[in-house]
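Structural features, examined
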Amino acid sequence: MDQLSPLAAARMFLPKIPAFLKSAVYHSLWLSPTSTKWDLRTELAVTFLRSFMSGDKPTPVLKQQRFTLKEPGIKGAMWISKIALPTPPESEHILSVLTTAIDALKQDSNETYTLPAVTPVEAEWTGYRSNVTPNRSRPDLSEAQHYEKLMSEVTSDVTILYLHGGAFFLCDPCTHRSTTSKLAQMTGGRCLSLRYRLSPQVAFPAALFDILIAYLSLLYPPPDALHTPVSPSKIVISGDSAGGNLSLALIQLLLQINRSATPSSSLKFHGTTVSLPLPLPAGVALSSPWCDLTRCMPSIITNAQYDYLPPPLTSSAIARFPSDEVWPTNPPRGDIYCETSMMCHPLVSPLAANDWHGACPIWFGVGEEMLVDEVAVVASKIARQGGRLQWEMFEAMPHCFALVLDTLGLEATKRFFDDLVGFCKRVTAGAGVETIGTIFEAKTCKEREVSVKELSPLADGEIMQRMLAKREERREGLEGEAKLMPRL
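Residues numbered from 1 in each chain as written. Predicted model: local features only at pLDDT ≥ 70, side-chain atom pairs only at ≥ 80, totals over all residues. Heavy atoms only, no water.

One turn of an α-helix holds 3.6 residues; hence residues three or four places apart share an orientation. The terminal C-alpha atoms of helix H13 (residues 411–428) lie 26 Å apart, and with 18 residues this matches the ideal 26 Å at 1.5 Å per residue to within 8%. All of the buried residues along H13 are Ala-412, Thr-413, Phe-416, Phe-417, Asp-419, Leu-420, Val-421, Gly-422, Phe-423, Cys-424, Val-427 and Thr-428. Phi for Gly-430, located one or two positions after H13, is positive at around 85 degrees. (Helix = DSSP H or I, 4+ residues; strand = E, 2+ residues; numbered from the N terminus. Expected span 1.5 Å × (residues − 1). Buried < 20%, exposed > 50% of the residue type's maximum accessible area, 1.4 Å probe, protein only.)

Turning next to the nonpolar core. Counting residues in each nonpolar core, the largest one holds 149 residues, and the members touching the most others are Phe-204, Leu-351, Trp-356, Phe-364, Leu-389 and Trp-391. The element that contributes the greatest number of residues to this core is helix H8 (residues 206–219), accounting for 11 residues. When near neighbours in sequence (up to four residues on either side) are disregarded, Trp-356 contacts Leu-248, Ile-251, Gln-252, Leu-255, Pro-350, Val-378, Lys-381, Ile-382 and Gln-385. (Core = buried A, V, L, I, M, F, W, Y, C linked by side-chain atoms within 4.5 Å. Contact = heavy atoms within 4.5 Å.)

Of all 5 residues in strand E8 (residues 283–287), 5 are buried, a share of seventy percent or more. Judged by which residues are buried, E8 turns out to be covered on both faces: Gly-283, Ala-285 and Ser-287 on one side and Val-284 and Leu-286 on the other are all buried. Pairing geometry for strand E5 (residues 235–240) and E8, over 5 bridges, is parallel. Bridge pairing links Ser-238 to Ala-285 in E8. With 4 bridges connecting them, E8 and strand E9 (residues 362–367) associate as parallel partners. Opposite Leu-286, over in E9, you have Phe-364 as the bridge partner. (Pairing = 2+ DSSP bridges.)

Quick look at the pairing of strand E11 (residues 436–440) now. Of all 5 residues that make up E11, 4 are buried, and the element is covered over most of its length. Pairing of strand E10 (residues 389–394) with E11 involves 5 bridges; the strand directions are parallel. Its bridge partner being in E11, Trp-391 is matched across the sheet by Gly-437. Where E11 lies against strand E12 (residues 447–450), 4 bridges are found, and the strand directions are antiparallel. What sits directly across from Phe-440, in E12, is Glu-447. In this antiparallel pair of consecutive strands, E11 and E12, the connection spans 6 residues, and Lys-443 shows a positive phi of 70 degrees.

A separate point is the confidence of the model for the protein chain. Low-pLDDT portions of the prediction should not be read for the details of their coordinates. When the pLDDT values of the protein chain are averaged, the result is 93; 93% of them are 70 or greater. Helix H1 (residues 6–13) is the least confidently modelled element of the protein chain, averaging 64 in pLDDT, while strand E3 (residues 159–163) averages 99, the highest of any element. Confidence over residues 484–488 falls short of pLDDT 50; this stretch has 28 contacts with residues more than four positions distant or in other chains. (pLDDT = per-residue confidence, 0-100.)

This paragraph deals with unusual backbone geometry. In this chain, Ser-199 is followed by Pro-200 through a cis amide linkage whose omega measures 0 degrees. Looking at where Pro-200 falls in the secondary structure, it is placed in the loop between strand E4 (190–195) and H8. Residues Asn-330 and Pro-331 are joined by a peptide bond in cis, for which omega reads 0 degrees. Among the structural elements, Pro-331 can be located in the loop between helix H10 (299–302) and E9.

For the rest of this paragraph, the subject is helix H3 (residues 40–53). Over its 14 residues, H3 runs 20 Å from end to end, which matches the ideal 20 Å to within 8%, given 1.5 Å per residue. Among the residues of H3, those classed as buried are Thr-42, Glu-43, Ala-45, Val-46, Thr-47, Leu-49, Ser-51, Phe-52 and Met-53.

What the 10 strands build is an open sheet, ordered E1-E2-E4-E3-E5-E8-E9-E10-E11-E12; its pairing is mixed. Pairing within the sheet leaves two strands with one partner each, and these edge strands are strand E1 (78–85) and E12. In this sheet, neighbouring strand axes are inclined to one another by 20 degrees on average, regardless of whether the strands run parallel or antiparallel. On the sheet, helix H7 (residues 177–187) packs against E1, strand E2 (121–128), E3 and E4 and is oriented at approximately 50 degrees with respect to E2. (Axes fitted to C-alpha atoms, helices over the stretch in contact; angles between N-to-C directions.)

Each aromatic ring pair is described using two quantities: the centre-to-centre distance and the angle formed by the ring planes. If you walk through the whole model with that rule in mind, you get 13 aromatic pairs. Between the aromatic rings of Trp-363 and Phe-416, the centroid separation amounts to 5.1 Å while the plane-to-plane angle is 75 degrees, which identifies the pairing as edge-to-face. Note that Trp-363 is positioned in strand E9 and Phe-416 in helix H13, a separation of 53 residues in sequence. Look at Trp-363 and you get buried, because its relative accessible area is 0%. We classify Phe-416 as buried; its relative accessible area is 1%. Through a chain of ring-to-ring contacts, three or more aromatic side chains come together here, namely Trp-363, Phe-394, Phe-401, Phe-416, Phe-417 and Phe-440. (Phe/Tyr/Trp six-rings, centres within 6.5 Å; stacked < 30°, edge-to-face > 60°.)

What follows concerns the environment of Thr-159. Note on placement: Thr-159 falls in strand E3. In sequence terms Thr-159 and Val-372 are 213 residues apart; their C-alpha atoms lie 28 Å from each other. In this structure, Thr-159 is in contact with Trp-125, Arg-190, Leu-218, Val-230, Lys-234, Ile-235 and Val-236, ignoring residues within four places of it in sequence.

So, on to the packing of helix H5 (residues 91–104) against H8. The relative placement of two packed helices comes down to the angle between their axes together with the axis-to-axis distance. Their axes nearest at 11 Å, the elements H5 and H8 cross at an angle of 115 degrees. As H5 runs across H8, the sense of the crossing is right-handed. Listed contacts from H8 to Ser-91, Ile-94, Leu-95 and Leu-98 of H5 are Leu-208, Phe-209, Leu-212, Ile-213 and Leu-216. Here the contact of H5 with H8 is built from residues that sort into 8 nonpolar, 1 polar and no charged. (Left-handed = near helix turned anticlockwise from the far one by under 90°. Nonpolar A, V, L, I, M, F, W, Y, C, P; charged D, E, K, R; others polar.)

Turning our eyes to something else, we now look at the side chain of Glu-392. Looking at where Glu-392 falls in the secondary structure, it is placed in strand E10. Despite its burial, Glu-392 pairs with no opposite charge, the nearest such side chain being Arg-415 at 5.1 Å. Beyond its immediate sequence surroundings of up to four residues, Glu-392 is in contact with Trp-363, Phe-364, Gly-365, Val-366, Asp-419, Thr-438 and Phe-440. (Lys, Arg positive; Asp, Glu negative; His and termini not counted. Salt bridge = Lys/Arg side-chain N within 4 Å of Asp/Glu carboxyl O.)

Attention now moves to the packing of helix H2 (residues 17–28) against H3. For the pair H2 and H3, interaxial distance at closest approach is 10 Å and the crossing angle is 150 degrees. The handedness of the crossing between H2 and H3 is right-handed. Every residue of H3 that contacts H2 at Ala-19, Phe-20, Ser-23, Ala-24 and His-27 is listed here: Leu-40, Glu-43, Leu-44, Thr-47 and Phe-48. Grouping the constituent residues of the contact of H2 with H3 by class yields 6 nonpolar, 3 polar and 1 charged.

See below:
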């Protein structure tokens, strides 16, 4: 992001010094509830993040969004090739395939959504650039030449389709370049980091449609594409937070398309006839996926001490974004990402999905965070239905800890990336995945095995009742908007 002026930096950080000092003193005197779990660096880092995430005066949506979309410049150990995946001539047919799947998965007839416009999908090919200093500038080359340079350093056939997080309305491939270039370096492969359309300017299912187009474009490249066809057996879908939600939604969408396919079913994509069922990727690798937009699970409250995300506010202090050019929408919409009626739909909240039979292998990496219960339910359900997955929970770690605390050198972060990358390499090599659950102890990363099938004690019926109740609270204006993301 653009560098702050000294005055702007002072205005941002000076008011937070008392909170940092308090956290440091409490931690040093073992008075903090996390003193035995975190080192001082982690305590201060989470305090810093909380200072931007909490408060009773949230920043307008568009101001937050624009802050995260500022281009920081490309430098150092990464190759970036910016592309636009063109709109296929058959886009209306593909859109009808999407809407048929959405309608088939509806929980009730009152769920409504608006068909998205069809537009080109922007993305960034990302690769590792070796033997350069951190401040080495990007060469003045065409995007095609940048792609050639990128491919010249690729040493494996791993291709990661990366979906960034940001609560569906924040962030961009540019905010996640450090993550995607790290994944490219560690796998020896490449990442296609997608610039899917953000809310609230568009609503569900626009982002999911963009992701479907990107996945099909990897398999069946459009004319003049820089890449050649990528085998689905070499593709891993990966994402963090909202990007993890979209990753699971894509798999659930592909499964539903395939469930309804007949022996003669097909679709066309840039002139290529694609027979159904559609192939699934080799695997999915997730960091703290946001699986429940209703925020109904107990850990949303009980695990707040380990997280920087603000817990839901009560009806006496409802979270509302100040009005601006994009929010509230016209006509009004109950949620940043979707119509309120859609919040319990399986392609919006994967927590609500009932059928995961046939899913590809999935790797879950989570902290002991506010979202852990909803992720545990999804993982447990997949395992009980015979799916192959690996569940890794890192004690006392916050949401997306490996991304936001990467520079602290924590053992948990190192283990997270090693295991995620190991999973990507195994599934793209055709190796089997054994379903296993592991909890890593705070600080030491000592391992303890757990049964994935028994991660959640809650029955499916009880979970859906919780979700529906929270959806009604949102409909009646008793719940706040989104996850109350940063006050940037």
